[in-house]
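# Survey of secondary and tertiary structure
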Amino acid sequence: MRLSAYLPIAIAIVLAMGASLLAARVAVDRIEAGARSGILQAFQSDGLNWAKVSVDGLQVVLTGEAPDEAARFAALSAAGTVIDATRIVDRMDVRPAQTIAAPEFKIEILRNLDGVSLIGLVPATTDRTVILERIGRVANAPVTDLLEVADFPEPSNWNRAVGYALGALARIPRSKVSVTADAVAVTGIVDSEQVRRRVETELARTVPSGVRLALDISAPRPVIAPFTTRFVIDGDGRRFDACAAETPEGRDMIMSAARAAGMTGTVGCRIGLGAPSVEWAAAVSQGLSALADLGEGSVTFADADVSLVVPHTVEQITFDRGAGALDRALPEGFSLTAIRTPPPPEDGTEETEENVVIEFSATLNAEDGVELLGRLPTERSRAAVESYAHAHFGLNATTSATLLADDLPEGWSLRAITALDALSHLASGAVRVTPDDLAIEGVSGQANAAGVISGLLSARLGSGAQFTIDVTYEERLDPTADLPTPEECVSQLNAILEIQKISFEPGSATVDGDGLEIIDRLADVLRTCEGVPMEIAGHTDSQGRESMNQRLSQDRANAVLNALMARRVLTSGLDAQGYGETVPIADNDTEDGREANRRIEFTLRAPEAPEGQEDASEDGQDPDETAEAANAGEETAGE
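Predicted model only: the values in this text are computed from it and were never measured.

This paragraph deals with the pairing of strand β6 (residues 106-112). Note that β6 and strand β7 (residues 115-123) share 7 bridges and pair antiparallel. Looking across to β7, one finds that K106 is bridged to L121. In textbook terms, the turn of a hairpin is the stretch between consecutive antiparallel strands, and for β6 and β7 this stretch comprises 2 residues. As judged from the 5 bridges shared by β6 and strand β9 (residues 174-179), these two strands associate in the antiparallel manner. Among the inter-strand pairings, R111 is bridged to a residue of β9, identified as S175.

Here's what the structure looks like:
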């Protein structure tokens, strides 16, 4: 009875406790949901969409990867505006900071006759003072430094690229050079087409490994004087001995007229300044058309003077008609001289004093020099012609067997001297002067030799002069067409040294007599390798103190460099370096081995980097070794 009386009370208490727990749970869920919803709304309004929220009772846990520390703090602050900060548990991560990429280092160097300007960004380790000093020496003009500095490691190829760029700047007084660690771009203007080819060749063969080179070097249009075009139709075909035009459009007009006149193949026509008239191309086109109608002969334009020369095989009436039509068609200001050559004496004509062939000739070949034959009017004229030959071909390379004659045509001496001047443009050949003609034939290493000779003869001999040019260009004779590569230069030099070593007096850096002959041969090779960066390496055997051997090898390398300089070899690309006994190529325990180790070698080196940026360890010998050498007494260095 008593238990049953308490049972309802117990049940009521249990039900009350369950209802309380349920109410508490509902309240907690509402609080958690409200906190989570409020924080998410705060995150959304602040753009913190990366952050996540979970609620465990009164604790609010924040997770997610913040892009940076500031974003993480912003998430904490946003959550703190919704709930008490003590309830927040921060389990957010911060994204690892990315390494700041190094900027692109680049220098723009602008050089003209007034000065040099540098613009760009360089590593903090770059010695700008040395660069500015080097440019100042090269340009001999003010240098404006507008470079900025960034404290990042310099790229591996930076110093070599900058050194190469400064070398390019030294070659072109009006230029823009852009340099990065892996590329150099050179834009510039040089004085002539020949200089342009030489500079491009030198720059192309000395570019450092790993550096891309872009060249845009131009030469101004040359002044052509006299402004000459000569077109010939004979048994050998239809061709230009010389061709000049003032514009590409004019060149195309002349080429079109030449093709219409029967010329085949591709022929260059120089573009230059000096045309006597804006109607030059039209005048030349008329001349080529007239000669094509006549069928044989030559037409020469030398400035405003026009010479039309045809052989006697062209009928007189045809010649008169063609010459008259050309004279009327030429633009105003051009003057025509038309000549139909007379027929030769009939076969069987006896040689008399009146019809003997009068001539002067000069023959040039590489082995024997030039030989002068034929007739000259006076002793004074002969002396003048021989002196002119000496000046062009050398005193010991001229042989003269001329005769004096007092019945030569007027202006004969001028024609003989002009012939020698024309011959000087050939590598080998011959020139023959007669009263009616001047004929030159041979080979040349000058691509435009025929045009140069044609202009020379037109200017010297005057309007209406007859001359024949048969000159062939041979690339092997062109001094700029077959320059050796840097590797070939080193190979040729070391091949000479393999046959016979440069010998020095024992224990000294004095080159003996036999060694001087070897240096003469090295100098001949180096004149074709100007600008190639090479090292003259001196080596000794291991006898004597190491420091003394180092110094001796350096002195001997310097002696070779100075001997080459004395022979007028351009040594700007050469560097002398002594290695002492550190690089043996044979056993120092035998006499033959020691002899082999005592040597001079040539090696390629990277183009010069800006001074002051090389490793200090390469500067030379150790100061302690120097002191040790000073106290070495009578110990002998390796010879």
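Let's shift gears to the pattern of salt bridges. Between side chains of opposite charge, pairing is possible as soon as their charged atoms come close. A full pass over the atoms with the stated rule returns 26 salt bridges. Across the pair D421 and R460 runs a salt bridge whose closest N-O atoms are separated by 2.7 Å. With D421 in helix α10 (residues 412-423) and R460 in helix α11 (residues 449-461), the pair connects residues that are 39 residues apart, well separated along the chain. Taken together, the shared-partner salt bridges connect K501, D541, E591, R594, E595 and R598 into one network.

The next subject is the sheet that holds strand β13 (residues 237-242). If you walk across this open sheet you meet the 5 strands as β13-β12-β16-β17-β18, and the pairing is mixed. In the strand order of this sheet, the two ends are held by β13 and β18 (335-340), each with one partner. Averaged over all neighbouring strand pairs, the angle between strand axes comes to 10°, with direction disregarded. With 6 bridges connecting them, strand β12 (residues 228-234) and strand β16 (residues 297-302) associate as antiparallel partners. Across the sheet, F231 pairs through a bridge with V299, a residue of β16. Running at roughly 165° to β16, helix α7 (residues 280-294) makes contact with β12, β13, β16 and β17 (305-310) of the sheet. Sheet contacts for α11: β12, β13 and β16; angle to β13, the most-contacted strand, approximately 70°.

Turning to the sheet that holds strand β21 (residues 398-404), a few remarks are in order. Across the sheet, which stays open at both edges, the 6 strands sit in the order β21-β20-β19-β22-β23-β24 with mixed pairing between neighbours. Because the sheet does not close on itself, it has two edges, and the strands there are β21 and β24 (467-473). Here the average twist between neighbouring strands, direction ignored, is 5°. Judged from the 7 bridges that link them, strand β20 (residues 369-376) and β21 form a sheet pairing that is parallel. Bridge pairing in β21 places R375 opposite L403. With respect to the sheet, α10 is in contact with β19 (360-365), β20, β22 (428-433) and β23 (438-444), its orientation differing from that of β22 by roughly 165°.

Let us look at the packing of aromatic side chains. To describe a pair of aromatic rings, one takes the distance between the centres and the angle between the planes. Considering all chains together, one arrives at 6 aromatic pairs under this definition. Aromatic pair F227 and W280: ring centres 4.9 Å apart, planes at 80°, arrangement edge-to-face. Within this pair, whereas F227 is found in the loop between β11 (212-218) and β12, its partner W280 is found in helix α7, the two being separated by 53 residues in sequence. F227 gets classed as buried once you look at its relative accessible area, which sits at 0%.

What follows covers empty space enclosed by the protein. Applying the stated criterion across every chain yields a total of 1 cavity of 30 Å³ or more. Looking at the lining of the largest cavity residue by residue, the classes come out as 7 nonpolar, 2 polar and 1 charged.

Okay, the packing of helix α9 (residues 379-393) against α10 next. Contact geometry of α9 with α10 gives a least axis separation of 10 Å together with a crossing angle of 10°. Relative to α10, the element α9 is oriented roughly parallel. For the pair α9 and α10, the contacting residues are S381, V385, Y388, A389, H392 and F393 in the first and S413, A416, I417, L420, D421 and L423 in the second. Here the contact of α9 with α10 is built from residues that sort into 8 nonpolar, 3 polar and 1 charged.

Next up on the list: the packing of helix α6 (residues 248-260) against α7. Packing of α6 against α7 leaves a shortest axis separation of 9 Å and a crossing angle of 5°. Here α6 lies roughly parallel to α7, going by the angle between them. Where α6 abuts α7, its residues G250, M253, I254, A257 and A258 lie against W280, A281, A282, V284, S285 and L288. Here the contact of α6 with α7 is built from residues that sort into 9 nonpolar, 2 polar and no charged.

We now examine the environment of A97. Relative to the helices and strands, A97 resides in the loop between β5 (93-94) and β6. On the accessibility criterion, A97 (77% relative accessible area) is exposed. Put simply, A97 and P67 are 30 residues apart on the chain and 8.5 Å apart in space, counted from C-alpha to C-alpha.

For the structure on display, the rule yields 2 disulfides. Through a disulfide, C243 is tied to C269; the S-S separation comes to 2.0 Å. Judged by the sign of its S-S torsion, about -75°, the bond between C243 and C269 is left-handed. Taken together, the residues span a long stretch of sequence, with C243 in the loop between β13 and β14 (244-245) and C269 in the loop between α6 and β15 (270-271) at a distance of 26 residues. Both residues of the pair, C243 and C269, belong to the buried class.

We now examine helix α13 (residues 513-526). A rise of 1.5 Å per residue sets the reference length of α13, with its 14 residues, at 20 Å; its end C-alpha atoms lie 20 Å apart and thus fit the reference within 8%. Those residues of α13 that fall on the buried side of the exposure criterion are G515, I518, I519, L522, A523, V525 and L526. For α13, the angular spread of the buried residues around the axis is 155°, confining them to a single face. Buried positions along α13 lie against α12 (486-499), β25 (534-539), α14 (546-566), β26 (574-578) and β27 (599-604). Its side-chain oxygen 2.9 Å from the backbone nitrogen of G515, D512 forms the N-cap of α13.

Rules of the game
- Residues numbered from 1 in each chain as written.
- Predicted model: local features only at pLDDT ≥ 70, side-chain atom pairs only at ≥ 80, totals over all residues.
- Heavy atoms only, no water.
- Pairing = 2+ DSSP bridges.
- Helix = DSSP H or I, 4+ residues; strand = E, 2+ residues; numbered from the N terminus.
- Salt bridge = Lys/Arg side-chain N within 4 Å of Asp/Glu carboxyl O.
- Axes fitted to C-alpha atoms, helices over the stretch in contact; angles between N-to-C directions.
- Contact = heavy atoms within 4.5 Å.
- Phe/Tyr/Trp six-rings, centres within 6.5 Å; stacked < 30°, edge-to-face > 60°.
- Buried < 20%, exposed > 50% of the residue type's maximum accessible area, 1.4 Å probe, protein only.
- 1 Å grid on protein atoms, 1.4 Å probe; cavity = no way out; pocket = protein on both sides within 12 Å on 5 of 7 lines; lining within 4 Å.
- Points joined across faces, edges and corners; volume = space filled by probe spheres on them.
- Nonpolar A, V, L, I, M, F, W, Y, C, P; charged D, E, K, R; others polar.
- Parallel < 35°, antiparallel > 145°, perpendicular 65-115°, else oblique.
- Disulfide = S-S within 2.5 Å.
- Expected span 1.5 Å × (residues − 1).
- Arc of directions from axis to C-beta.
- Polar contact = N/O pair within 3.5 Å; in protein donor to acceptor, adjacent residues only side chain to side chain.

No statement about biological role is implied by the geometric values presented.
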